[in-house]
Amino acid sequence: MSQQQASTRRGGAAWALVITSLAGFMAALDNLVVTTALPSIRQDLGGALDDLEWTVSAYTLTFAVLLMFGAALGDRFGRRRLFLVGITIFTGASAAAAMSTGIDALIAARAVQGVGGAIMMPLTLTLLSAAVPAAKRGMAFGIWGAANGLAVASGPLIGGTLTEHVSWHWIFWLNVPVGLALLPLARLRLKESHGTGAPLDITGTLLASGGLFGIVYGLVRAPIEGWSDPIVLLGLFGGAALLVAFVRHGMVSANPMLPMRLFRSRAFSGVNAASLLMFLGMFGSIFLLSQFLQGVVGYSPTEAGLRMLPWTGMPMIVAPIAGYLSDRIGGRSVAAAGLFLQAVGLGWFAFVLSADVSYAAQLPGLIVSGIGMALYFAPASSLVMASVRPEEQGIASGSNNALREVGGALGIAVMSSIFSAQGGYDSAQHFVDGIQPALWVGASLVALGGVAALFIPKTRRTVTTVRDDAEAAPVLENA
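Residues numbered from 1 in each chain as written. Predicted model: local features only at pLDDT ≥ 70, side-chain atom pairs only at ≥ 80, totals over all residues. Heavy atoms only, no water.

Examining the overall build of the chain
- When you go through the chain residue by residue, the secondary structure sums to 18 helices and two strands.
- Scored against the burial criterion, the 479 residues of the chain give a buried share of 58%.
- Summed over all atoms, the accessible surface of the chain reaches about 17800 Å², with 66% contributed by carbon and sulfur. (Helix = DSSP H or I, 4+ residues; strand = E, 2+ residues; numbered from the N terminus. Buried < 20%, exposed > 50% of the residue type's maximum accessible area, 1.4 Å probe, protein only. Areas by Shrake-Rupley, 256 points an atom, 1.4 Å probe, with all protein chains shown as cover.)

Brief notes about the environment of Phe-349
- Inspection of the secondary structure puts Phe-349 in helix α15 (residues 331–352).
- Each C-alpha atom, one on Phe-349 and one on Ala-443, is 9.4 Å from the other, the two residues being 94 residues apart in sequence.
- Sequence-distant contacts of Phe-349, defined by excluding residues within four places in its chain, comprise Leu-289, Trp-311, Gln-362, Gly-365, Leu-366, Ser-369 and Leu-439. (Contact = heavy atoms within 4.5 Å.)

Regarding the nonpolar core
- Core analysis: the biggest nonpolar cluster contains 132 residues, and Phe-83, Phe-292 and Trp-311 have the highest contact counts within it.
- A total of 16 residues in this core trace back to one element, the largest contributor, which is helix α11 (residues 266–295).
- Among all residues touching Phe-292, those that are not within four sequence positions of it are Val-297, Leu-353, Ser-354, Val-357, Phe-431, Val-432 and Ile-435.
- One finds Met-314, Val-318, Ala-374 and Leu-375 within the second-largest nonpolar core, a separate group that totals six residues. (Core = buried A, V, L, I, M, F, W, Y, C linked by side-chain atoms within 4.5 Å.)

Let's talk about α11
- With 30 residues, α11 extends 43 Å from end C-alpha to end C-alpha; this agrees with the ideal 44 Å at 1.5 Å per step.
- Burial of α11 is extensive: 25 of the 30 residues sit out of reach of the surface.
- The N-cap residue of α11 is Ser-265: its side-chain oxygen and the backbone nitrogen of Ala-267 are 3.2 Å apart. (Expected span 1.5 Å × (residues − 1). Polar contact = N/O pair within 3.5 Å; in protein donor to acceptor, adjacent residues only side chain to side chain.)

Here's the deal with a nonpolar patch on the surface
- Where nonpolar side chains cluster on the molecular surface, the patch consists of Phe-340, Leu-448, Val-451, Leu-454 and Phe-455 and spans about 450 Å² of accessible area.
- Residue position: Phe-455 is located in the loop between α18 (428–454) and β1 (459–466). (Patch = residues over 30% accessible without salt bridge, like charges linked within 9 Å, V, L, I, M, F, W, Y side chains within 5 Å. Salt bridge = Lys/Arg side-chain N within 4 Å of Asp/Glu carboxyl O.)

Some remarks on the packing of helix α9 (residues 202–225) against helix α10 (residues 230–252)
- One can describe the packing of α9 onto α10 by two numbers: an axis separation of 7 Å at closest approach and a directional angle of 155°. By the angle between their directions, the pair α9 and α10 is classed as roughly antiparallel. Every pair of crossing elements has a handedness; the one defined by α9 and α10 is left-handed.
- In terms of residue class, the contact of α9 with α10 is built from 15 nonpolar, nine polar and two charged. (Axes fitted to C-alpha atoms, helices over the stretch in contact; angles between N-to-C directions. Parallel < 35°, antiparallel > 145°, perpendicular 65-115°, else oblique. Left-handed = near helix turned anticlockwise from the far one by under 90°. Nonpolar A, V, L, I, M, F, W, Y, C, P; charged D, E, K, R; others polar.)

Regarding empty space enclosed by the protein
- The final tally for this structure, using the stated rule, is two cavities of 30 Å³ or more.
- Volume-wise, the second largest cavity comes out at about 70 Å³.
- Together, Leu-289, Phe-292, Leu-293, Arg-307, Met-308, Trp-311, Phe-349, Tyr-359, Gln-362 and Leu-366 line the second largest cavity.
- Those elements that place two or more of their residues in the lining of the second largest cavity are α11 and α16 (359–386).
- Partitioning the lining of the second largest cavity into residue classes produces eight nonpolar, one polar and one charged. (1 Å grid on protein atoms, 1.4 Å probe; cavity = no way out; pocket = protein on both sides within 12 Å on 5 of 7 lines; lining within 4 Å. Points joined across faces, edges and corners; volume = space filled by probe spheres on them.)

Concerning helix α5 (residues 103–131)
- An ideal rise of 1.5 Å per residue puts 42 Å on 29 residues; α5 measures up with 41 Å between its terminal C-alpha atoms.
- Bending of α5 peaks at approximately 30° at the position of Gly-117.
- For α5, a buried count of 21 out of 29 residues is recorded, marking the element as mostly surrounded by other parts of the structure. (Bend = angle between axes of the 7 residues up to and from the residue.)

A closer look at the packing of helix α4 (residues 79–98) against α5
- Between α4 and α5, the least distance of the axes is 8 Å, while the angle of their chain directions is 155°. As summarised for this structure, α4 and α5 are arranged roughly antiparallel, according to the angle between their axes. Considering the relative orientation of α4 and α5, their crossing is left-handed.
- Across the contact of α4 with α5, the residue classes tally to 16 nonpolar, seven polar and two charged.

A word on the packing of aromatic side chains
- Under the counting rule described, the total for this entry stands at nine aromatic pairs.
- Aromatic pair Tyr-59 and Phe-90: ring centres 6.3 Å apart, planes at 70°, arrangement edge-to-face. Here Tyr-59, found in helix α3 (residues 49–77), pairs with Phe-90, found in helix α4; they are 31 residues apart in sequence, far enough to count as distant.
- Phe-90 gets classed as buried once you look at its relative accessible area, which sits at 0%.
- Aromatic rings pair up to connect Tyr-59, Phe-63 and Phe-90 into one cluster.
- We note Arg-307 situated over the ring of Tyr-299; from NZ or CZ to the ring centre the distance is 4.2 Å.
- One cation-aromatic arrangement involves Arg-307 over Tyr-359; the distance from NZ or CZ to the ring centre is 5.7 Å. (Phe/Tyr/Trp six-rings, centres within 6.5 Å; stacked < 30°, edge-to-face > 60°. Lys NZ or Arg CZ within 6 Å of the ring centre and 35° of its normal.)

Considering the side chain of Ser-94
- Structurally, Ser-94 is set in helix α4.
- A polar contact of 2.8 Å, which involves the side chain of Ser-94, links it to the backbone oxygen of Phe-90.
- Excluding its chain neighbours within four sequence positions, the residues that come into contact with Ser-94 are Gln-113, Phe-172 and Asn-175.

Describing the environment of Thr-126
- Relative to the helices and strands, Thr-126 resides in helix α5.
- Spatially, the C-alpha atom of Thr-126 lies 9.7 Å from that of Glu-392, the residues being 266 residues apart in sequence.

Quick look at the environment of Pro-133
- With respect to the helices and strands, Pro-133 occurs in the loop between α5 and α6 (137–165).
- With 120 residues separating them in the primary sequence, Pro-133 and Ala-13 have C-alpha atoms 8.2 Å apart.

A look at the confidence of the model for the chain
- Residues with a pLDDT of 70 or more make up 88% of the chain, whose mean pLDDT is 80.
- In the model of the chain, strand β2 (residues 469–476) stands out as the element of lowest mean pLDDT, 41, in contrast to α4, which has the highest, 92.
- A low-confidence stretch, residues 3–8 stays under pLDDT 50, and its non-local contacts, those more than four residues away or across chains, total one contact.
- Taken as a whole, residues 460–479 scores under 50 in pLDDT and shows 46 contacts with residues more than four places along the chain or in a different chain. (pLDDT = per-residue confidence, 0-100.)

Structure, rendered in structure tokens:
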């Protein structure tokens, strides 16, 4: 490879890293930017706990159920082309959310945001993987993970600051200039690529979407209507039946959206189980803790966002280091350690929280949870991409991101149900009575995710010579 070609390749990789990291930041930001704005949205637009859940879950749920379909669309019609479509939808829906004057309109706009994010997000990793040499992907994924970590870190703070000093509407207006800037950059700087070109799996998409919606709807409505309510039971059992049909479809269909054969791989199964459980515990905890800091402790939205920074801000520092470590010692150990630390942090919260708890008592839990979350992000991405063949990376990225978002939506629904059964908003002590058992459940789920991560095979590095380049690529092997 000539010096000019190498320079051009490095430039293309750098632009791909910038564009995909910004897109990932924008999509990840909207997972958590709403959390510190929830009390203000509730005051402005009205709504009960289930309405607040849907302002978050409408995004995470549509995001989750359409991620694999979005990845398949990119593989078939062009990843760069669909990446641009996703950015366009996401940006337009953000403007619609910003202009919402009622809770139903906001929830609808959030759902459309999820559609755009589902098309855009899985393609960030496939486009980045195609542009970056294999030997440097661990560090690239680490930087990509740091951008997502920055979104997690700044989400509560940005949401709180804009809500307190301007208006909660501006947490959505923020996406519009970023999206408009990304459109020409992606068009000019990213190379087009395609996957296998397999037929689109409409049946699988409908089964997964209906199944997940039914289960989340049942979990959200159960504390209000009762667990024996016919609509709740229909949602839970009907959703479960549709998911069973989805699994069956993935086993027998010629071109399923998610081939179940991929789960024969210990690496693929382990990292996806860990992702699902980690986001189950983390999202539900942040949803409740952000309200605890404002409703019980009495912090303003900005103060609540600032005080969550030792937790949410840690990925900015640790994620690139985690990516480096995963290249050197293997991603399994790093990811598992991160999950166990996250579980310890959530357990600390559950142990110390009270109606008059001091911030000093919360701080160790914030720091430990933050380090744990940061250690998990980058290795998980590398492990997913290394667990499948290159032509299947779009499916792998989509499924892993989908399970993360499913975990987030289920986590909010499950932990809110526990909160509602044991506590409520009517007094500080009643809120604490509800949040403590929910956090213990969250800690247990994340710890179980750490156990799942230990079943991921160890990684070794092989060197493949391509012309005059030597590129080392991580390969998963049973251990």
